[in-house]
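# An overview of the molecular structure
This is what each chain is made of:
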Amino acid sequence: MDHQDILKALDHTLLTQTATWEEIKQILDDGMEYHAASACIPAAYVKQAAQYVDGRLPICTVIGFPNGYSTTAVKVFETKDAIANGAQEIDMVINIGWVKDQKYAEIEEEIRQIHEACGGKILKVIIETCLLTGEEKIKMCEVVTKAGAEYIKTSTGFSTAGATFADVELMRAHVGKEVKVKAAGGIASVDDAKEFLRIGADRLGTSRLIKLMKHTDDGSGY
């Protein structure tokens, strides 16, 4: 597996609260230069970013981020606004409290409504694996599959931990065959990225990999 195999699965990401347009623009420039799958950025920058890349790089943004406890109506509005501004992919956070309350029907309905609001664009559902039990993770794989989302995603990167190999293997085993898996949060090396892809991840969300590859390409290693 070479660097290009990793890059074509990479959502090059910058979601820190302090992100400036100059920093976002660097993410976009790197994403275009290295042919990433998308750039995942805050919703406030989507319109400007979509105009800047002018079709050369898909723009992804996050909904209900990072805590997931906005109302469904708010998440649907966020999604419609992001799509109208030029987002081509949406990463939404589920309501973790609803998982703990076993409100699985409500979660499924929320995902369905947001998926409909995507209007045919890609929806990735963040289940924040570090906050769930094994049983809850399996149940969420079933819910995401039934709701029709394109992806299930491990983590926001803003909670107690990020993606693990074990979680990706579990998700791959329990989602429907048409649902893809995104690993995000804490992917710290090219070797980690390769392993996540080998065990079944289809996308990777991280801000680090292109920086690491730049160092590799200039001979300084990683």
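Refer to the structure printed above.
In this report, we go over the structure that sits alongside the text.

Reading guide: rules and limits
Residues numbered from 1 in each chain as written. Predicted model: local features only at pLDDT ≥ 70, side-chain atom pairs only at ≥ 80, totals over all residues. Heavy atoms only, no water. Core = buried A, V, L, I, M, F, W, Y, C linked by side-chain atoms within 4.5 Å. Buried < 20%, exposed > 50% of the residue type's maximum accessible area, 1.4 Å probe, protein only. Contact = heavy atoms within 4.5 Å. Pairing = 2+ DSSP bridges. Helix = DSSP H or I, 4+ residues; strand = E, 2+ residues; numbered from the N terminus. Axes fitted to C-alpha atoms, helices over the stretch in contact; angles between N-to-C directions. Arc of directions from axis to C-beta. Parallel < 35°, antiparallel > 145°, perpendicular 65-115°, else oblique. Left-handed = near helix turned anticlockwise from the far one by under 90°. Nonpolar A, V, L, I, M, F, W, Y, C, P; charged D, E, K, R; others polar. Salt bridge = Lys/Arg side-chain N within 4 Å of Asp/Glu carboxyl O. Expected span 1.5 Å × (residues − 1).

## Focus on the nonpolar core
One broad rule of soluble globular proteins: the nonpolar side chains tend to lie buried together. Counting 67 residues, the largest nonpolar core has Ile 94, Ile 111, Met 140 and Leu 204 as its most contacted members. Those residues in contact with Ile 94 that lie beyond four places of it in its chain are Asn 67, Gly 68, Lys 75, Val 99, Ile 107, Glu 110, Ile 111, Val 125, Ile 126, Ile 127 and Met 140.

## Considerations on the sheet that holds strand 6 (residues 151-153)
Backbone hydrogen bonds are what pair the strands of a sheet, in a parallel or an antiparallel way. As summarised here, the arrangement of the eight strands in space is 1-2-3-4-5-6-7-8, forming a closed barrel in which the pairing is parallel. Taking the axes of each pair of neighbouring strands and ignoring which way they run, one obtains an average angle of 25° across the sheet. The sheet contact formed by strand 2 (residues 38-41) and strand 3 (residues 59-63) spans three bridges and is parallel. In the strand pairing of strand 3, Cys 40 is matched with Cys 60. Contacting strand 2 and strand 3, helix 3 (residues 46-53) runs over the sheet at an angle of about 170° to strand 3.

## Some words on helix 8 (residues 165-174)
Turning to helix 8, its buried residues are Asp 167, Val 168 and Met 171. Within helix 8, the buried residues cover an arc of 100° as seen down the axis, which keeps them to one side. Opposite the buried face of helix 8, by more than 90 degrees, sit the exposed residues Ala 166 and Ala 173. In the core, the buried residues of helix 8 are packed alongside helix 7 (134-147), strand 6, strand 7 (180-184) and helix 9 (190-198).

## Overview of the packing of helix 7 against helix 8
Following both chains from N to C, one finds helix 7 and helix 8 inclined at 40°, their axes separated by 9 Å at the closest point. When the interaxial angle is binned, helix 7 and helix 8 end up oblique. Of the two possible hands of crossing, helix 7 and helix 8 adopt the one that is right-handed. Residues Gly 134, Lys 137, Ile 138 and Cys 141 of helix 7 form the contact with helix 8, whose own contacting residues are Asp 167, Leu 170, Met 171 and His 174. For the contact of helix 7 with helix 8, the per-class residue count stands at four nonpolar, two polar and two charged.

## Looking at the pattern of salt bridges
Once their charged atoms are close, side chains differing in charge can pair, the charge on each being opposite to the other. Counted under the stated rule, the structure contains 18 salt bridges. In this structure, Lys 146 and Glu 108 form a salt bridge, with 3.6 Å as the shortest nitrogen-oxygen distance. In this pair, Lys 146 sits in helix 7 while Glu 108 sits in helix 6 (residues 104-117), placing the two residues 38 residues apart along the sequence. According to the relative accessible area criterion, Lys 146 is exposed, its value standing at 52%. As a salt-bridge pair, Arg 172 and Asp 202 come within 3.0 Å of each other at their nearest N and O atoms. Residue Arg 172 is found in helix 8, and its partner Asp 202 is found in the loop between helix 9 and strand 8 (203-206); the two are separated by 30 residues along the sequence. Residue classification places Arg 172 among the partly exposed positions, given a relative accessible area of 26%. The class for Asp 202 is partly exposed, based on a relative accessible area of 30%. A single salt-bridge network, built from bridges that share partners, covers Asp 11, Glu 89, Asp 91, Lys 124, Lys 153, Lys 182 and Arg 203.

## Regarding helix 7
Counted at 1.5 Å a residue, the expected span for helix 7 with its 14 residues is 20 Å, and the 20 Å between its end C-alpha atoms agrees. Downstream of helix 7 by a residue or two, Gly 148 has a phi angle that is positive, lying close to 90°.

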